Each structure stands twice: as structure tokens, then as C-alpha cells.
Amino acid sequence: MKGVFITGTGTDVGKTFIAAGILYHLQKKHIRAGYFKPIATGGNGDMLYVAQILGDASLVHNCYLFKNPVSPHLAAKKEKKPILLEPILAYFETLTKQYDFLVVEGSGGVAVPIDDAGTLMVDVIQKINLPTILVGMAGLGTINHSLLSIHFLKSHTINVRCIVLNMGKKTEIEEENQQIIQHLSKIPVSGILPFYPDANTPLKAQQVMQENAGIFENIVSSLEREEIYVPL
Ligand SMILES: Nc1ncnc2c1ncn2[C@@H]1O[C@H](COP(=O)(O)OP(=O)(O)O)[C@@H](O)[C@H]1O
Ligand SMILES: [Mg+2]
């Protein structure tokens, strides 16, 4: 089974949007692809969104669901439901048998805690062991966030396959951000996805995903390359 783990430089950077875009792209190619959100906080918005884009709620899966819109470690504490890695991995294993491709979305960024003992999102990524991509914002601030996230992932022996810069506003620095991130991290930036202020309906979002099919194609092909771990 093929797949991708989508992490990001933080929350609200567009992980779900990119996940839905990849899945929409695969659906058009008639690939049996599903979506897995191991830990969702603040309700089931991500799963609903992806289900709407795909027009099929049976393709979206979730292991831990919390009402509180807070970090997983805090949601788990507030709702008295500890997050364990084993059920996440068992759920993932079951899904690998149902699909030819799985898109897994992390919660927040790489150093988000899932318990008080120091287990972080990066540990979930490591255990799931799928090719990983990083979503960051296109504008000011992204160099620092992107390089820190990549460094942290590498320090846990995870290579990022590609980076997607999201919510591009065609400012002068965005191209420069792309170049310097690529140069310093040695990881290709698959593209800058523009910001569409009116992409708030599923139909419009699907149009955006269609319009930017090239970026999703680049992401999927970055996963095909043989993984070679480049140490820090
Ligand atoms: N390129 C874009 N243009 C317009 N809106 C976007 C774009 N990317 C994401 N969004 C919107 O921004 C919000 C946050 O994106 P989301 O994918 O939920 O982020 P994350 O999963 O990283 O928390 C959502 O409302 C989403 O629809
Ligand atoms: Mg999300």
C-alpha cells in the first residue's frame, strides 16, 4: 500500500486542504484512496471536510476524537481519554488492507504533544512510517518554521519528501522563500498553492484543486522516489 503523512509547520496552514486535494486527485484517477486522521481535536471538521470534497463519508477515518479545540495532550486530559500509540497503529494497519493509498493527517505541527510523558506528533509520524510531506505558509515567517520542522523531523530520522507552500499571495518574497528553503533543506518545494479567498464551499475548493492539479501531481510523484535518509 502507498500513502503519505501530511504534517505542517503548525495548525491552520492547510494540511486538510492539501490532504483533500491529493485525495481528490487520486479519486479522479480511480485509485482506491482513503483518509485517516489519527487524532482530531475541536470536533470532526477535518473528516467532514474531506468527506465533502470526496463526496463519500465512508472514505474518512479517525481514531481519537476530542471536542476541545486544544492540543491533543490537553484535550486527552480534559476529556479523560488518554491517547495511546497502539490503537492508532492498529487502526492504521486495518486501513492499509482496505486501501491502495492512504493519506494520513497529523494534528498541528511536529512537536505537538499527545500526552504528558513527552510523546509528540513526530513519534506518530515515525511509527506510521509513510513518506512525509510538510505544509507551510508561503509568506513571511515560513523559512524559520519550515527549516525548524525539517530539522526536527530529521533528528527523528524522518526525511521529508517535499514541501508545499500554501496560501500564496504573489508577494515578492514567496519565490525567494521557495528557493532558500529548497537550497538549505535540500528538499524540493512542490509548488506554491495560491490563496483563494472564496474557496469556502466544497464546490469552489474542488475547482481550486482542479486548477492546481500540477501541484498535487508533483506531490504524488515526490512519493514515488526511493527514500534515502540524509542525516543532519
Ligand atoms: N490555498 C487556500 N486558499 C484558501 N483557503 C485555504 C487554502 N488552504 C487552506 N484554506 C482554508 O484555510 C483554513 C485552514 O486550512 P486547513 O486545511 O484546515 O489547515 P490545517 O489542516 O493545517 O489546520 C480552512 O478553512 C481551509 O479551507
Ligand atoms: Mg487539519
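Everything in this summary refers to the structure shown in the same document. The model shown is predicted, which means the values in this text are computed figures rather than measured ones. (Residues numbered from 1 in each chain as written. Chains lettered and ligands numbered in written order. Predicted model: local features only at pLDDT ≥ 70, side-chain atom pairs only at ≥ 80, totals over all residues.)

**Quick word on the overall build of the chain**
Convention followed: Comment: elements are numbered from the N terminus, with helices defined as DSSP H or I runs of at least four residues and strands as E runs of at least two. The burial criterion counts other C-beta atoms lying within 10 Å of a residue's C-beta, which is placed from the backbone; the residue is buried at 20 or more, exposed at 12 or fewer, and partly exposed between these limits.
On a plain count of helices and strands, the chain comes out with nine helices and seven strands. Along the three orthogonal principal directions, the C-alpha set of the chain runs to about 50 × 40 × 35 Å. The 232 residues of the chain split such that 44% are buried.

**Looking at the sheet that holds strand E3 (residues 60-65)**
Where we set the bar: In this description, strands pair whenever DSSP reports at least two bridges between them. Axis definition: a line fitted to C-alpha atoms, limited for helices to the stretch in contact. Angles are taken between N-to-C directions and run from 0 to 180 degrees. Our contact criterion uses C-beta atoms placed from the backbone: two residues qualify when those atoms are within 7 Å.
Here seven strands make up an open sheet; going across it, the order is E3-E2-E4-E1-E5-E6-E7 and the pairing parallel. Edge strands, defined here as strands with exactly one partner in the open sheet, are E3 and strand E7 (189-194). Across the sheet, the mean angle from the axis of one strand to that of its neighbour is 20 degrees, orientation sign disregarded. Across the sheet, helix H6 (residues 142-154) touches strand E4 (101-109), strand E5 (132-137) and strand E6 (160-168), and the angle it forms with E5 is around 160 degrees.

**Focus: the site of ligand 1**
This is how it is decided: Nearness here has a simple definition: the residue's C-beta atom, placed using the backbone, must lie within 6 Å of the molecule or strand. In this classification, the charged set is Asp, Glu, Lys and Arg, the nonpolar set is Ala, Val, Leu, Ile, Met, Phe, Trp, Tyr, Cys and Pro, and all remaining amino acids, among them Gly, are polar.
Close contacts around ligand 1 come from 14 residues, with Gly14, Lys15, Thr16, Phe17 and Tyr196 the closest. Those elements that provide at least two residues to the shell around ligand 1 are helix H1 (15-28) and E6. The leading source of residues in the shell around ligand 1 is H1, at three residues. When its residues are assigned to classes, the shell around ligand 1 shows seven nonpolar, five polar and two charged.

**Overview of the nonpolar core**
Spelled out, the test is: Here a nonpolar core is just a set of buried residues of the types Ala, Val, Leu, Ile, Met, Phe, Trp, Tyr and Cys, joined wherever their C-beta atoms sit within 7 Å.
Judged by nonpolar contacts, the single largest core of 66 residues is most densely connected at Leu23, Val103 and Val164. When neighbours within four sequence positions are excluded, Val103 is seen to be in contact with Gly3, Val4, Ile6, Ala19, Ile22, Leu23, Ala33 and Tyr35.

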